[in-house]
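Structural characterization, general
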Amino acid sequence: MRTPLIIGNWKMNTLREEAARLGRELGDALAGATGVEAGICPPFTHLAALAEPARKAGLALGAQDLFWEPKGAFTGEVSAAMLKDAGCSYVIVGHSERRHVLMEPDDWVARKLRAALQGGLTPILCVGETLGEREQGKTEAVVTRHVRSALEGLAPADVGRIVVAYEPVWAIGTGRNATPDQAQEVHALVRKLLAGLAGADVADRVRIQYGGSVKPDNVDVLLAKPDVDGALVGGASLEAASFARIVKFRRA
Ligand code: PGA
């Protein structure tokens, strides 16, 4: 049985006061959520301050990115050890905004994922096609490339420690989400790829989140699909009531 995992990705939003308020509000709004694991990924500058409120709210803390080197002359970068030290247990790697706005190549994503594992963090590996790629029938090829390039060569036990987030780029921040069937189709593909890389037992354990315009009014049907094990939530995670409703999704 895979425990559903709902993660809020705050992206580059909130100043200190807003972040603190959201942290407090989440504590109240999430009371009574059971059978689900939830977490937040605020901007780097708020991580340390949110560690305690997140713990009190029963939320895991995660970061939105990391660099693969352990330390040194890498201006602007943040290491796995720094994130751990700030209270993080999760870190997002290969988010589409980093792949497409910051032009991060696949081999960077692979290095970051390894650094996260080595640093004792759970990487959330984001994969997903653009609208153009979907329209050209390349969804399977792109998702396969994202999964394989990030995970090939890892020990099966390490594959078992990751989370995958399928986020079709055309659904992120657009209000246009994949249908439950479209999501299930790609999630099943991801699980098959994981089985090929690390065996069926490991693949069966790995949680595969869906991301892209997940809202209180579509979460229930998306998470009703057998291979959809949670959600990576952007916009709707910036408001305590809507994030809490997503965390407390109704089971089919
Ligand atoms: P969205 O973002 O929910 O605002 O579409 C999801 C994500 O990018 O993780």
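The preceding data block contains the structure.
The text that follows walks through the structure, step by step, so that each part is easy to find.

Conventions used here
- Residues numbered from 1 in each chain as written.
- Predicted model: local features only at pLDDT ≥ 70, side-chain atom pairs only at ≥ 80, totals over all residues.
- Heavy atoms only, no water.
- Pairing = 2+ DSSP bridges.
- Helix = DSSP H or I, 4+ residues; strand = E, 2+ residues; numbered from the N terminus.
- Axes fitted to C-alpha atoms, helices over the stretch in contact; angles between N-to-C directions.
- Contact = heavy atoms within 4.5 Å.
- Buried < 20%, exposed > 50% of the residue type's maximum accessible area, 1.4 Å probe, protein only.
- Right-handed = clockwise from strand over helix to strand, strands pointing away.

1. Details of the sheet that holds strand 7 (residues 207-211)
Taken together, the eight strands give a closed barrel; going around it, the order is 1-2-3-4-5-6-7-8, and neighbouring strands pair in parallel fashion. Between one strand axis and the next, the sheet turns through 25 degrees on average, direction left out of account. Along the sheet face, helix 2 (residues 47-56) touches strand 2 (37-41) and strand 3 (59-63) and points at about 160 degrees away from the line of strand 3. Where helix 5 (residues 106-118) meets the sheet, its contacts fall on strand 4 (90-93) and strand 5 (122-127), and the angle it forms with strand 5 comes to roughly 160 degrees.

2. Focus: the pairing of strand 4
Side chains Tyr-90 and Ile-92 project from strand 4 onto one buried face, and the interleaved Val-91 and Val-93 project onto a second face that is buried too. Strand direction decides the pairing type here: strand 3 and strand 4, joined by two bridges, are parallel. When the sheet's bridge partners are listed, Ala-63 is paired in strand 4 with Val-91. A crossover connection joins strand 3 to the parallel strand 4 through helix 3 (residues 80-85); in handedness this β-α-β unit is right-handed. The sheet contact formed by strand 4 and strand 5 spans four bridges and is parallel. In the strand pairing of strand 5, Val-93 is matched with Leu-125.

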